[in-house]
Amino acid sequence: MPNYDVTNLKLAPAGKKRIEWADNDMPVLKEIRKKWKKTKPLKGIKTSSCMHVTCETANLMITLKAGGADVLLCASNPLSTQDDVAASLVKDYGIKVYARKGENKKIYFKHLESAIKHQPEITMDDGADLLSLLHTKYQKQAFKIKGSMEETTTGVIRLKALEQAGKLMVPIIAVNDARTKNLFDNRYGTGQSTLDGIIRATDILLAGKTVVVAGYGWCSRGFAMRARGMGSNVVVTEVDSIKALEAAMDGFRVMKMSEAAPIGDLFCTLTGDIHVVDIHHFKKMKDGAIVCNSGHFDVELNIKGLKKIAKKVRKEVRNFTDEYTLANGRRIFVLADGRLINLAAAEGHPASVMDMSFSTQALAAEDINRNYKKLQNKVYYVSEKIEEWIAKAKLKSMGITIDTLTSEQKKYLASWEIGT
Ligand code: ADE
């Protein structure tokens, strides 16, 4: 059996070019890789990563390998794999890859099982599917894991729930919760790539459109901000009073989804929750409304419900676009089957933000390998030391220098005596 399963190895040359292009915009990861080639901090360590198979992830895998690891990568979403990248990782970089764009659920889980059979000591997840399987069907293997990293908000929520239930079997580093990750990747990465996915799928003009954004976390904020920048009238829906207040004071109209449903031209969910756009919302929408999701799982839009109330469904009226006609004659266009629009119809976040997220992943892996004996089965934050190093390295790569505190200022900040 070959130790890979990809769509077509002949796509490798195109993938290699794109991996190298992304690398140009990942200077921090490149610096880590250069150092690791000499120091080999992951020498002989088996790693299994369940992540979106993109050119940016490819550069992370190449870095782990440069650090001495025996690297396996499988897809964290059936639609996000870039087949050319998967092929190049196998052919040009000797990395074990199990991912095919459009793979069905059975193959998706078969690929996860291959990642477990690799017998990893360190794992990385984007959405916690790999760790979830390790906590159910493959518990014996879970005991052998030194530690694991989680890349996304949804995954951290799942793992914290496991910890709360007292069932977490592996120490976790919540890479998602690092400021060097979520302030940039979640906000600017999701903001840009979500718009990119919508535009590639539909080619609509955003100026003058009413865009309804569900949620006001980092990802939704980024998207709302960018949609406004394109001239859309942005409406935000929320369930959290403080976030709703923030959205209102950031200048967005805030209302319930049931009020937004009849006025929206484009709807995008980024909440991490289920059925945020439900049957009663679909029924109220205008003819031609476009609906998509940029949250991790395909549960935010109730598409099964929409199928039930539709009198006609036309698949792929355009790439990644399905048309549902309701009994009232109105048409609703659903993008990418309700899966992550930014990774399904576009290429995910640009390399420059993934540089920080994946540098954090790499340094967290090194940290786990060095300190695993001290770790408990808990969800940990990324250390301040790692965050500081990454922020400084990124600023340096951007040619930005900043002030430092004078000794007078340090003394002032540490004192309580000087007031009015
Ligand atoms: N998540 C969002 N964008 C991504 C990208 N470009 N690569 C990997 N994971 C991602």
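First, a word on scope: everything that follows refers to the structure included in this document. (Residues numbered from 1 in each chain as written. Predicted model: local features only at pLDDT ≥ 70, side-chain atom pairs only at ≥ 80, totals over all residues. Heavy atoms only, no water.)

Within a sheet, adjacent strands bond to each other through the backbone by hydrogen bonds, running parallel or antiparallel. Read from one edge to the other, the open sheet built from eight strands follows the order β10-β9-β8-β11-β12-β15-β14-β13, with strand pairing classed as mixed. Edge positions in the sheet fall to β10 (253-254) and β13 (310-318), since each has one partner strand and no second. Note that strand β8 (residues 210-214) and strand β11 (residues 266-269) share four bridges and pair parallel. The partner of Ala214 across the bridge, within β11, is Thr269. (Pairing = 2+ DSSP bridges. Helix = DSSP H or I, 4+ residues; strand = E, 2+ residues; numbered from the N terminus.)

Our next topic: the sheet that holds strand β1 (residues 5-6). The sheet built from eight strands is open, its strands ordered β1-β4-β3-β2-β5-β6-β7-β16 with parallel pairing. Edge positions in the sheet fall to β1 and β16 (379-380), since each of these pairs with one other strand and no more. Across three bridges, strand β6 (residues 147-150) lies against strand β7 (residues 172-174) in parallel orientation. Bridged to Glu150 within β7 is Ala174. In the packing of helix α5 (residues 105-117) onto the sheet, contacts are made with β1, β2 (46-51), β3 (70-75) and β4 (96-99), and the angle to β3 comes to roughly 165°. (Contact = heavy atoms within 4.5 Å. Axes fitted to C-alpha atoms, helices over the stretch in contact; angles between N-to-C directions.)

With eight of nine residues buried, helix α4 (residues 83-91) lies mostly within the body of the structure. Asp83, Asp84, Val85, Ala86, Ala87, Ser88, Leu89 and Val90 are the residues of α4 that are buried. The secondary structure elements touched by the buried residues of α4 are β1, α1 (12-24), α3 (55-66), β3 and β4. (Buried < 20%, exposed > 50% of the residue type's maximum accessible area, 1.4 Å probe, protein only.)

Here the focus is the site of the ligand. Looking at the ligand, the residues that line it are His52, Thr54, Glu56, Thr57, Leu343, Glu347, Gly348, His349, Met354 and Phe358. In this structure, a nitrogen atom belonging to the ligand sits 2.6 Å away from a side-chain N or O atom of Thr54. Here Glu56 contributes a side-chain N or O atom positioned 2.9 Å from a nitrogen atom of the ligand. In the complex, 94% of the free accessible area of the ligand, which totals 260 Å², lies under the protein chains. Within the residue set of the shell around the ligand, elements represented by two or more residues are α3 and α16 (351-371). Taken together, the residues that form the shell around the ligand break down as three nonpolar, five polar and two charged. (Near = heavy atom within 4 Å. Polar contact = N/O pair within 3.5 Å; in protein donor to acceptor, adjacent residues only side chain to side chain. Areas by Shrake-Rupley, 256 points an atom, 1.4 Å probe, with all protein chains shown as cover. Nonpolar A, V, L, I, M, F, W, Y, C, P; charged D, E, K, R; others polar.)

In this section: a nonpolar patch on the surface. A grouping of Leu405, Tyr412, Leu413 and Ile418 is seen on the molecular surface, where their side chains present a nonpolar patch of about 440 Å² in accessible area. Mapping Leu405 onto the fold places it in the loop between α17 (384-397) and α18 (407-413). (Patch = residues over 30% accessible without salt bridge, like charges linked within 9 Å, V, L, I, M, F, W, Y side chains within 5 Å. Salt bridge = Lys/Arg side-chain N within 4 Å of Asp/Glu carboxyl O.)

The buried fraction of β8 is high, at five of five residues. Judged by which residues are buried, β8 turns out to be covered on both faces: Thr210, Val212 and Ala214 on one side and Val211 and Val213 on the other are all buried. In terms of strand pairing, β8 meets strand β9 (residues 233-237) through five bridges, oriented parallel. Bridge pairing links Val211 to Val234 in β9. Between β8 and its parallel partner β9, the chain crosses via helix α10 (residues 218-229), and the hand of that crossover is right-handed. (Right-handed = clockwise from strand over helix to strand, strands pointing away.)

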